[in-house]
Amino acid sequence: MAKLHKDLQRLLISEEAIQGRVQEIAEEISRDYDEIGSLYIIGILKGAFIFLADLARELSIPHVVDFMAVSSYGKTASSSGEVRLVMDLREPITDKHVLVVEDIVDSGQTLNYLLKTLSGRKPASLKTCALVRKERESLDIQLDYLGFTIPDVWVVGYGLDFADTYRTLPYIAELKKTVYSA
Ligand code: PRP
């Protein structure tokens, strides 16, 4: 593998490990929805776009992809701030089998907001999928599909950013503290 960028502390999840796990999750989802025969996938922008693109292309069941964008006002290294909906779905989800796809669950605030908002629209079912979640004792959230649990550090790559950069790295790495506390 190429040398890590100077702003990165250490590699946490390699490209190979991510691709292998994405394939496993896609197989699990395809099995679970096989009898249902349809799936409405909601990717949460911006972070989920890379994970969703890889995951959706590995699914063997019919599916539709849609997007929502949320933003956390006042987000810092230690707080995720208040969640706001900045872009809504194209279609109603009433009576659809919905899977929300996130790149990361950190405080859980974003996913909790989404679950509350989407469940009010009366989907036939509502499940969640995240590539990574932070290791936090206080985190109590419903995650139906999960790739990896990672330490509570600032991570970038595979959709995850710092100031909108590093999203297209093929791996996930810890960002040096000196970068985000500068
Ligand atoms: C990130 C990530 C999740 C959220 C998780 O999004 O994509 O949506 O944070 O954090 P939480 O569990 O503490 O709520 P962010 O708001 O940084 O926007 P982005 O996806 O556009 O980078």
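Residues numbered from 1 in each chain as written. Predicted model: local features only at pLDDT ≥ 70, side-chain atom pairs only at ≥ 80, totals over all residues. Heavy atoms only, no water.

Turning next to the packing of aromatic side chains. Evaluation of the coordinates by the stated rule reveals 2 aromatic pairs. Centre to centre, the rings of tryptophan 154 and phenylalanine 162 are 5.6 Å apart; their planes meet at 80°, and the pair counts as edge-to-face. Each member of the aromatic cluster is reached from another via a ring pair, and the members are Trp154, Phe162 and Tyr180. (Phe/Tyr/Trp six-rings, centres within 6.5 Å; stacked < 30°, edge-to-face > 60°.)

Here we take up helix 1 (residues 15-32). Between its first and last C-alpha, helix 1 extends 26 Å over 18 residues, near the 26 Å set by a 1.5 Å rise per residue. All buried positions along helix 1 are accounted for by Ile18, Val22, Ile25, Ala26, Ile29 and Ser30. The buried residues of helix 1 all sit within an arc of 135° when viewed along its axis, so they share a single face. Exposed residues lying more than 90 degrees from the buried face of helix 1 are Glu16 and Arg31. If you follow the buried residues of helix 1, they end up packed against strand 1 (8-13), helix 2 (49-58), strand 5 (97-105), strand 6 (125-134), strand 7 (145-150) and strand 9 (172-175). (Helix = DSSP H or I, 4+ residues; strand = E, 2+ residues; numbered from the N terminus. Expected span 1.5 Å × (residues − 1). Buried < 20%, exposed > 50% of the residue type's maximum accessible area, 1.4 Å probe, protein only. Arc of directions from axis to C-beta. Contact = heavy atoms within 4.5 Å.)

Reading across from one edge, 1-9-8 is the order of the 3 strands in this open sheet, with antiparallel pairing throughout. A strand with exactly one partner marks an edge of an open sheet, and here the two such strands are strand 1 and strand 8 (155-156). Both strand 1 and strand 9 contribute to a ladder of 4 bridges, which runs antiparallel. Each bridged residue has a counterpart across the sheet, and for leucine 11 the counterpart in strand 9 is alanine 173. (Pairing = 2+ DSSP bridges.)

Along strand 5, 8 of the 9 residues are buried, which leaves the element largely enclosed by surrounding structure. Looking at chain direction, strand 2 (residues 40-45) and strand 5 are connected through 4 bridges and run parallel. Bridge pairing in strand 5 places isoleucine 41 opposite leucine 99. Two strands pair when backbone bridges link them, and strand 5 and strand 6 are joined in this way by 8 bridges, in the parallel orientation. Paired with valine 105 across the strands is arginine 133, a residue of strand 6.

Right, let's get into the side chain of threonine 110. Turning to its location among the elements, threonine 110 is positioned in helix 3 (residues 109-119). Threonine 110 has contacts with Val70, Ser72, Val83 and Glu102, leaving out every residue within four places of it along the chain.

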